[in-house]
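# Structure at a glance
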Amino acid sequence: GYDQAAVVEEILQALKNVKTGALGSLSGSNSRGLTLFGRPWELVRKIAEQNGYTAFIDNGVAHVLKDNEYVSSPGLIEVINADSGLLGTPRRQGARIDVDVIFEPTIEAFGQASAPRFIVGQQVQLDSRESIYDGDFIVKGVTHDATISGAVGGHAITSLTFLAFDALSVAVSA
């Protein structure tokens, strides 16, 4: 027999330079044997999709979460407002909200990478000047856009994509 979470953890060990992160509430077992063949990441994605989960890798850490599950980790920004770097007005498209914040890359100091301040899968609370956008969300996308030049005026922005859910559930506290 096998346990779904144990199978996923075992497969993830085959991926070099990828650590196992949150596996959410992935559970279930089967008393029958299991034979797997294929690329490790494709196998993880298949198991996740068959059980209603999404598998993704962010910053070298693999997570398997349901849409309403999120990752909690020290050092992450939990509230996004003008004080924490919110720029402009959020943009809503159905359950999706896009926001721009002051550039927030992973910073390296003395050869050591610090933890990023935003990761895919984390929970955030949006507190904008327009209360119709406010609420609890899960980060589903992080992109950085910067022009750094001594000859041309530039910009440095991090864009975040959130999805709204009625009930959120923490998957892991790291």
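For the structure given in this document, a descriptive report is provided here. Keep in mind the model is a prediction, meaning the values are calculated, not measured.

### Digging into the overall build of the chain
When you go through the chain residue by residue, the secondary structure sums to two helices and 15 strands. With 174 residues in all, the chain has 34% of them scored as buried. If you take every contact in the chain between residues at least 6 apart in sequence, the share linking residues at least 24 apart comes to 62%. With an accessible surface of roughly 10,400 Å², the chain has 48% of that area assigned to carbon and sulfur atoms.

### Comments concerning the sheet that holds strand 9 (residues 96-102)
With respect to topology, six strands assemble into an open sheet ordered 7-12-13-14-9-8, the strand pairing being mixed. Each edge of the sheet is formed by a strand with only one pairing partner; in this case those strands are strand 7 (79-80) and strand 8 (86-93). Relative to strand 9, strand 8 is paired through five bridges, and the arrangement is antiparallel. Its bridge partner lying in strand 9, Gln93 is registered against Arg96.

### Some words on the sheet that holds strand 5 (residues 61-65)
Reading across the sheet, the three strands line up as 2-5-4 and stay open at both edges, with mixed pairing between neighbours. The open sheet has two edge strands with one neighbour each: strand 2 (19-20) and strand 4 (54-58). Inspection of the sheet shows strand 2 paired to strand 5 by two bridges, in the parallel sense. Residue pairing for strand 5: Lys19 is matched across the bridge by Val61. Relative to strand 4, helix 2 (residues 40-50) is tilted by about 140 degrees, and along the sheet it contacts strand 4 and strand 5.

### Section: the nonpolar core
Ranked by internal contacts, the top residues of the largest apolar core, which has 19 residues, are Val8, Leu12, Trp41, Val44 and Val64. For this core, the secondary structure elements donating two or more residues are helix 1 (4-12), helix 2 and strand 5. Residues in contact with Val64, not counting those within four places in the same chain, are Val8, Ala22, Leu23, Gly24, Leu26, Val44, Ala48, Tyr53, Thr54 and Ala55. Formed by 14 residues, the second largest nonpolar core is a distinct cluster that contains Ile97, Val99, Val139 and Leu160.

### Observations regarding the environment of Ala48
As for its position among the elements, Ala48 is in helix 2. The residues touching Ala48, leaving out its near neighbours within four places in the chain, are Tyr53, Thr54, Ala55 and Val64.

### Observations regarding the packing of aromatic side chains
The geometry of an aromatic ring pair is captured by two quantities: the separation of the ring centres and the angle between the planes. The full count for this structure, using the stated rule, is one aromatic pair. Ring geometry for Phe137 and Phe162: centres 5.7 Å apart, planes at 20 degrees, overall stacked. With Phe137 in strand 13 (residues 135-146) and Phe162 in strand 14 (residues 156-164), this pair connects stretches of sequence that are 25 residues apart. Across the pair, exposure class does not vary: Phe137 and Phe162 are buried alike.

What counts as what
- Residues numbered from 1 in each chain as written.
- Predicted model: local features only at pLDDT ≥ 70, side-chain atom pairs only at ≥ 80, totals over all residues.
- Heavy atoms only, no water.
- Helix = DSSP H or I, 4+ residues; strand = E, 2+ residues; numbered from the N terminus.
- Buried < 20%, exposed > 50% of the residue type's maximum accessible area, 1.4 Å probe, protein only.
- Contact = heavy atoms within 4.5 Å.
- Areas by Shrake-Rupley, 256 points an atom, 1.4 Å probe, with all protein chains shown as cover.
- Pairing = 2+ DSSP bridges.
- Axes fitted to C-alpha atoms, helices over the stretch in contact; angles between N-to-C directions.
- Core = buried A, V, L, I, M, F, W, Y, C linked by side-chain atoms within 4.5 Å.
- Phe/Tyr/Trp six-rings, centres within 6.5 Å; stacked < 30°, edge-to-face > 60°.

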